[in-house]
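One-letter residues, chain by chain:
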Amino acid sequence: RHMDKQEQDILEPMTQKVGYGDAEEGRNTGTLVGFVLLNTKECDFERIKKNLKADWKDVDWRKVTKEGSALVFEVDDMMLCFSYFDAPVPDKEAEYNAENNYLWPEAVEVTKTHVAQLCVAVLSRNVSIVEAGELFVKGASSCLKLANAIGFYASGTVFEPKFYIEASTVMKEDTLPILNWIYFGFTRGKQGPGIYTYGMTAFGKDELEILDSRMRPEELSEFLYDVVYYILESDVTLRDGETIGMSEEQKLAITRSEGVSVDGFSLKIALE
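All of these numbers come straight from a predicted model, not from anything done at the bench.

Draft legend 1. Local environment of the side chain of S266. Mapped onto the elements of the fold, S266 is located in strand 13 (residues 265-269). Within the local environment of S266, its side chain forms a polar contact with the side chain of E209, the two groups lying 2.6 Å apart. In this view, S266 contacts E207, E209, T255, R256, S257 and G259; residues no more than four positions away in its chain are not counted.

Encoded structure:
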């Protein structure tokens, strides 16, 4: 989901003030945006400030602007923006996507209780999309500690607050927060499980799909996690006809074609 017109109208004046605009002139083209779901119509911006300072002491949070229902932090060459809306996500979109979270059985029922939302977005210039993505996760995870935060709608699913917050702590060990960025969805192939990613396009990469395998689901997810980590950490662009492997001996064919479980084109990795 991308920001709608109302959300853009709130952020645009702030981005113009400090010289941030649309992705152009070599800047990253990804969109880093998500929505904290709230079960009451209030947003405690002061608590968010306190959470950010307590949770992420490695970040300088002193440059902050509050305008109406929006809060904006300037961090290096990035803007972390929080915009509050006293209405739920339109068209039951969040409830629909909550069905994708197989790790959280109560996701749909809990998501149905949200009555307001807090948009979290990062706009950047002259920094890597990975660095911007780390700031995005820091902002979202601290917001999810609000008493009325019940979920985070991003990457094609709704994350449970406890899971998202815990997954974000890997950054304190200089590890990329892959599980905060990328949703791994499962499908059923002729021989066994398949798997796909949702969220790679935010980093300017194609989504990945494995359509069929003889692996157990946990082995399959571990394999694709390692591939995703390699791509994002090393800023690798895989192309049609190339091969990839997690060892010198392993050479798995890559095909780029219309996505099966994702929109647009995807990279299919053949395990056989």
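Draft legend 2. The arrangement of the sheet that holds strand 5 (residues 116-124) in detail. With respect to topology, 7 strands assemble into an open sheet ordered 2-3-4-5-1-6-7, the strand pairing being antiparallel. Edge positions in the open sheet fall to strand 2 (64-67) and strand 7 (157-159), since each of these has one partner strand only. Sheet twist, expressed as the average angle between the axes of neighbouring strands with direction ignored, equals 20°. In terms of strand pairing, strand 1 (residues 32-38) meets strand 6 (residues 149-154) through 4 bridges, oriented antiparallel. Residue pairing for strand 6: V36 is matched across the bridge by F152. The strands that helix 2 (residues 45-55) touches are strand 2, strand 3 (70-75), strand 4 (78-85) and strand 5; relative to strand 3, the one it contacts most, it runs at about 20°. Taken strand by strand, helix 6 (residues 161-168) contacts strand 6 and strand 7, and its axis lies near 65° from that of strand 6.

Draft legend 3. Geometry of the pattern of salt bridges. As enumerated under the stated definition, the model contains 11 salt bridges in all. In this structure, D55 engages K145 in a salt bridge whose closest nitrogen and oxygen atoms are separated by 2.9 Å. One end of the pair, D55, is in helix 2; the other, K145, is in the loop between helix 5 (129-143) and strand 6, and 90 residues separate them in sequence. Of the charged contacts, one joins R62 and D60 as a salt bridge, the two residues approaching to 2.9 Å between their closest N and O atoms. Using a relative accessible area of 39% as the deciding quantity, one classes D60 as partly exposed. A network of salt bridges, in which partner residues are shared, links R216, E218 and E219.

Draft legend 4. Structural view of the environment of V262. Counting through the fold element by element, V262 comes out in the loop between strand 12 (252-258) and strand 13. According to the relative accessible area criterion, V262 is buried, its value standing at 9%. Residues V262 and T197 lie 65 residues apart in sequence; the distance between their C-alpha atoms is 8.1 Å. Ignoring sequence-local partners within four residues, the contact set of V262 consists of Y196, T197, E207 and E209.

Draft legend 5. Representation of the packing of helix 5 against helix 6. Where helix 5 meets helix 6, the closest approach of the two axes is 9 Å, and the angle between their N-to-C directions is 140°. As the angle between them shows, helix 5 and helix 6 are arranged oblique. Handedness of the crossing formed by helix 5 with helix 6: left-handed. Only Y164, I165 and S168 of helix 6 make contact with helix 5, whose side of the interface consists of F136, V137, A140 and S141. Classifying every residue of the contact of helix 5 with helix 6 by side-chain character gives 5 nonpolar, 2 polar and no charged.

Here is what the cut-offs are and how they apply
- Residues numbered from 1 in each chain as written.
- Predicted model: local features only at pLDDT ≥ 70, side-chain atom pairs only at ≥ 80, totals over all residues.
- Heavy atoms only, no water.
- Helix = DSSP H or I, 4+ residues; strand = E, 2+ residues; numbered from the N terminus.
- Polar contact = N/O pair within 3.5 Å; in protein donor to acceptor, adjacent residues only side chain to side chain.
- Contact = heavy atoms within 4.5 Å.
- Pairing = 2+ DSSP bridges.
- Axes fitted to C-alpha atoms, helices over the stretch in contact; angles between N-to-C directions.
- Salt bridge = Lys/Arg side-chain N within 4 Å of Asp/Glu carboxyl O.
- Buried < 20%, exposed > 50% of the residue type's maximum accessible area, 1.4 Å probe, protein only.
- Parallel < 35°, antiparallel > 145°, perpendicular 65-115°, else oblique.
- Left-handed = near helix turned anticlockwise from the far one by under 90°.
- Nonpolar A, V, L, I, M, F, W, Y, C, P; charged D, E, K, R; others polar.

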